[in-house]
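Below are the chains, spelled out letter by letter.
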Amino acid sequence: MHYFSYRDGELFAEEVALGELARRFGTPLYVYSARTLRRHFRVMTQAFEGADHLVCYAVKALSNLSVLRLFASLGAGFDIVSGGELQRCLRAGAVAEKIVFSGVGKTTEEIAAALKAGILMFNVESRPELELIAAVARQTGRRAPVSIRVNPALDPGTHPHISTGQRDSKFGVPLAQVEECCELARRLDNLVVKGLSIHIGSQITELGPFAEAAARLKELALRLGDRGFSDLQYLDLGGGIGIPYRGEALDPVHYARTVLAELGRLGLTLIFEPGRMLVGNAGVLVTTVIYLKETDVKRFVVVDAAMNDLVRPALYEAYHEIQPVSRRQGPSAEVDVVGPVCESGDFLARGREMVLPQPGDLLAVMGAGAYGFVMASNYNTRPRAAEVLVDGAQAHLVRARETFADLIRSETIVELPTQPA
Ligand code: LLP
């Protein structure tokens, strides 16, 4: 459910016409709907109403400061994976005690910064990381709250690039080593084992893998209880709830029912790290058609947004619906929607049936809120798009379009002799 809809053939973000935004801010342009963000956050929290829980928004999905501020004001915690994301959260007014820190490669500096900020806990992914956190905590005279991230060795049935819980993945501590890891944490000074966490993958559309993950977490939590880990207070279920890119989706209420059936009566606080589910359908990428190009085998719609703006189609063959910003009558045809970047993988859609747009027409790439702008690059020396946050009839520019000057800001030209010295 989102608040992008047609009025008299014109696509609107809430009360604002996307066409007007494109004229004001140019394209390619990311447009987010605040009402959709609020709604999704409410759906997630209401699904767990009555159960002790904390929703920690996965910052990596869409990390614009205004979006983080909105979630912070709604009471969200945050799941971060870098020192940069920590700084973003703090800048946006997040409560440090609601931040969990995931990721397999936390550095000394990142650990020190997070400890200093007073985050809720580190989701620890290996023994060496545990040892480093203990050492940093010792140096700063603090006790570090940790949660062991479990690799449950199960297949979530999603795209291989976004599966994280199989046996051969780099994420988490293998199930069989978790207890040993907790014992190590107990022996090391300056650590307190506060939780167990798990994140099996992203865009998961079946309940089965979640039920399985929850069951494994429960078993472990009970065993740790038996071993006297009395500080164990949190079970972090990670993210992964799939959204309807093309029909397939998971109902958060069913997700909640499944998780609560396993974990609802343990007396522990449940943490969730949804990213895509909160922001995916809350964003679109607006792009302008530059050319129509026909070869003897194909029709191409060449647009001004490219893989550097939205890499999901190129990287995962992800499907994003594409809608005209102004509906027009006319013949429809099967087209590839492609960008200007010099790679064959630069497409936004392939073999898509649509009413043929004309040069100058605007198209909206739907479901682009999650892993859209945040994965943008400057490849082909293309400035990154602007971001606009719409709330009712108001449109706020929350990130200006990059300029060429931004792109070369940190570069210097060294004058070298034409011949080696
Ligand atoms: N927690 C952890 C530890 C994660 O690694 C992730 C995502 C999340 C939570 C949030 O997962 P979500 O609820 O959004 O599924 N770039 C890919 C997705 C990568 C996901 C990485 N981790 C894509 O565009 O599909």
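For the structure, see preceding data.
These figures come from a predicted structure and were not determined experimentally. (Residues numbered from 1 in each chain as written. Predicted model: local features only at pLDDT ≥ 70, side-chain atom pairs only at ≥ 80, totals over all residues. Heavy atoms only, no water.)

### Notes on the overall build of the protein
Scanning the protein for helices and strands turns up twelve helices and 21 strands. Over its C-alpha trace the protein gives a radius of gyration of 23 Å, about what one expects of a compact globule, namely 22 Å for 421 residues. Principal-axis analysis of the C-alpha atoms gives the protein an extent of 70 × 65 × 40 Å. Here the protein holds 421 residues, and the buried ones make up 54% of them. When contacts within the protein are restricted to residue pairs at least 6 apart in sequence, those whose partners lie at least 24 apart make up 69%. Distance between charge centres in the protein, computed from 45 positive and 49 negative side chains, equals 3 Å. (Helix = DSSP H or I, 4+ residues; strand = E, 2+ residues; numbered from the N terminus. Rg over C-alpha atoms; globule rule 2.2 N^0.38 Å. Buried < 20%, exposed > 50% of the residue type's maximum accessible area, 1.4 Å probe, protein only. Contact = heavy atoms within 4.5 Å. Lys, Arg positive; Asp, Glu negative; His and termini not counted. Charge placed at Lys NZ, Arg CZ, Asp CG, Glu CD.)

### Here we look at the packing of helix α3 (residues 65–73) against helix α4 (residues 83–91)
Relative orientation of the contacting elements α3 and α4 amounts to 60°, with a least axis distance of 9 Å. In terms of orientation, α3 and α4 fall into the oblique class. Where α3 crosses over α4, the two elements pack in a sense that is right-handed. On α4, the residues touching Leu65, Leu68 and Arg69 of α3 are Arg88, Cys89 and Arg91. Looking at side-chain class alone, the contact of α3 with α4 contains three nonpolar, no polar and three charged residues. (Axes fitted to C-alpha atoms, helices over the stretch in contact; angles between N-to-C directions. Parallel < 35°, antiparallel > 145°, perpendicular 65-115°, else oblique. Left-handed = near helix turned anticlockwise from the far one by under 90°. Nonpolar A, V, L, I, M, F, W, Y, C, P; charged D, E, K, R; others polar.)

### A word on α4
Given 3.6 residues per turn, any residue in an α-helix points the same way as the ones three and four places further on. Along α4, the residues classified as buried are Gly83, Glu85, Leu86 and Cys89. Buried residues along α4 cover an arc of 160° about the axis, so they all sit on one side. Exposed residues lying more than 90 degrees from the buried face of α4 are Gln87 and Arg91. Those residues of α4 that are buried are in contact with α3, β6 (77–80), β7 (99–101) and α5 (108–117). Where α4 starts, the residue carrying a side-chain oxygen 3.3 Å from the main-chain nitrogen of Gly84 turns out to be Ser82. Gly93 lies just past α4 and shows a positive phi near 90°. (Arc of directions from axis to C-beta. Polar contact = N/O pair within 3.5 Å; in protein donor to acceptor, adjacent residues only side chain to side chain.)

### Quick notes on the site of the ligand
Among the 19 residues in the neighbourhood of the ligand, the closest are listed as Ser202, Glu273, Arg312, Tyr316 and Tyr371. Taking Asp79, its side chain carries an N or O atom lying 3.2 Å from a nitrogen atom of the ligand. At a separation of 2.6 Å, an oxygen atom of the ligand approaches a polar side-chain atom of Arg312. Against a free-state accessible area of 580 Å², the protein chains account for coverage of 92% of the ligand. Split by residue class, the shell around the ligand holds six nonpolar, seven polar and six charged. (Near = heavy atom within 4 Å. Areas by Shrake-Rupley, 256 points an atom, 1.4 Å probe, with all protein chains shown as cover.)

### Observations concerning the packing of aromatic side chains
Aromatic ring pairs are reported here in terms of the distance separating the ring centres and the angle at which the planes meet. Inspection of every chain in the model, using the stated rule, returns ten aromatic pairs. Ring centres of Phe210 and Tyr255 lie 4.8 Å apart, and the angle between their planes is 85°; on these two criteria the pair is classed as edge-to-face. Here Phe210, found in helix α8 (residues 208–226), pairs with Tyr255, found in helix α9 (residues 252–263); they are 45 residues apart in sequence, far enough to count as distant. For the ring pair Tyr255 and Phe272, a centre distance of 6.0 Å and an interplane angle of 70° mean the geometry is edge-to-face. In this pair, Tyr255 sits in helix α9 while Phe272 sits in strand β13 (residues 269–272), placing the two residues 17 residues apart along the sequence. (Phe/Tyr/Trp six-rings, centres within 6.5 Å; stacked < 30°, edge-to-face > 60°.)

### Observations concerning the pattern of salt bridges
Side chains that differ in charge, positive against negative, can pair when their charged atoms come close. All told, the structure shown has 21 salt bridges when counted by the stated rule. Note that Glu183 is salt-bridged to Arg186, the shortest N-O span being 3.2 Å. On the criterion of helical spacing, the pair formed by Glu183 and Arg186 is a turn pair, its members being three residues apart in helix α7 (residues 178–187). (Salt bridge = Lys/Arg side-chain N within 4 Å of Asp/Glu carboxyl O.)

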